[in-house]
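A look at the structure
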Amino acid sequence: MASLDTLFEAAKAVQTKAYAPYSRFKVGAAIMTPDGKVFSGCNVENAAYPVGSCAEGGAISAMVAGGESRIAAIVVMGEGDALVTPCGGCRQRIREFAAPDTPIHVAGPEGIRKSFTLDELLPFSFGPHNLGTR
Ligand SMILES: O=c1ccn([C@H]2C[C@H](O)[C@@H](CO)O2)c(=O)[nH]1
Ligand SMILES: [Zn+2]
């Protein structure tokens with residue numbers, strides 16, 4: 001699937017930009033919107049550790065700043081052999097802009113390792129519907 005390849009390459013490219021001098025664990029994330037636009041983000045750490053931010057959050061900020069508000073698919077690229085799935089906070093961040101069946105692809109440098117739906121990673125989620133929005 002060409003668009004998934006594009007998304008994978010975007011995540012891989014932005015991962016190299018990560019600012020992770022403390023964990024030395026670089027992460028890249030790339031979002032595709034329903035009309036095929038791609039937005040990416042990397043983790044940005046801070047000497048005050050809790051202030052650091054995740055790659056997924058950066059990609060979401062770029063998407064919103066770009067005037068978009070729907071995630072059709074997301075690729076997350078981490079380091080090492082283990083699956084790097086979005087942290088709990090980022091699952092909720094993704095939830096805000098995605099549908100239950102939106103694919104979350106977890107990748108390594110060699111390619112996509114496993115694909116989940118948002119609902120698999122964040123079942124019974126709290127979301128905009130709880131507040132009467134969307
Ligand atoms: O899905 C993930 C998991 C971790 N990190 C970042 C946060 C921190 O900078 C580093 C180590 O946890 O990786 C992400 O950006 N996304
Ligand atoms: Zn996170």
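Cut-offs used in this document
- Residues numbered from 1 in each chain as written.
- Chains lettered and ligands numbered in written order.
- Predicted model: local features only at pLDDT ≥ 70, side-chain atom pairs only at ≥ 80, totals over all residues.
- Heavy atoms only, no water.
- UniProt positions renumbered as here; feature names shortened; annotations may be inferred.
- Buried < 20%, exposed > 50% of the residue type's maximum accessible area, 1.4 Å probe, protein only.
- Helix = DSSP H or I, 4+ residues; strand = E, 2+ residues; numbered from the N terminus.
- Pairing = 2+ DSSP bridges.
- Lys, Arg positive; Asp, Glu negative; His and termini not counted.
- Salt bridge = Lys/Arg side-chain N within 4 Å of Asp/Glu carboxyl O.
- Polar contact = N/O pair within 3.5 Å; in protein donor to acceptor, adjacent residues only side chain to side chain.

Looking at an unreviewed UniProt entry, one finds the protein named Cytidine deaminase and attributed to Microvirga terricola. According to its UniProt record, the protein has this under Function (unreviewed entry): "This enzyme scavenges exogenous and endogenous cytidine and 2'-deoxycytidine for UMP synthesis." You can read under Cofactor (unreviewed entry) in the UniProt record for the protein the words "Zn(2+)".

Burial analysis of strand β1 (residues 28–32) places five of its five residues in the buried class, the great majority of the element. Burial along β1 is two-sided: the residues Gly28, Ala30 and Met32 and Ala29 and Ile31 are all buried. Two strands pair when backbone bridges link them, and β1 and strand β2 (residues 38–42) are joined in this way by five bridges, in the antiparallel orientation. If you follow Met32 over to β2, its bridge partner there is Val38. Following β1, the chain reverses through five residues before pairing antiparallel with β2; Gly36 in that reversal takes a positive phi of roughly 90 degrees. Note that β1 and strand β3 (residues 73–77) share five bridges and pair antiparallel. Counterpart to Gly28 in the pairing with β3 is Met77.

A word on the side chain of Glu45. Looking at where Glu45 falls in the secondary structure, it is placed in the loop between β2 and α2 (55–65). Of the buried charged residues, Glu45 lacks a salt bridge, with Arg24 as the closest side chain of opposite charge at 8.3 Å. Only 2.5 Å separates the side chain of Glu45 from the side chain of Ser23, close enough to count as a polar contact.

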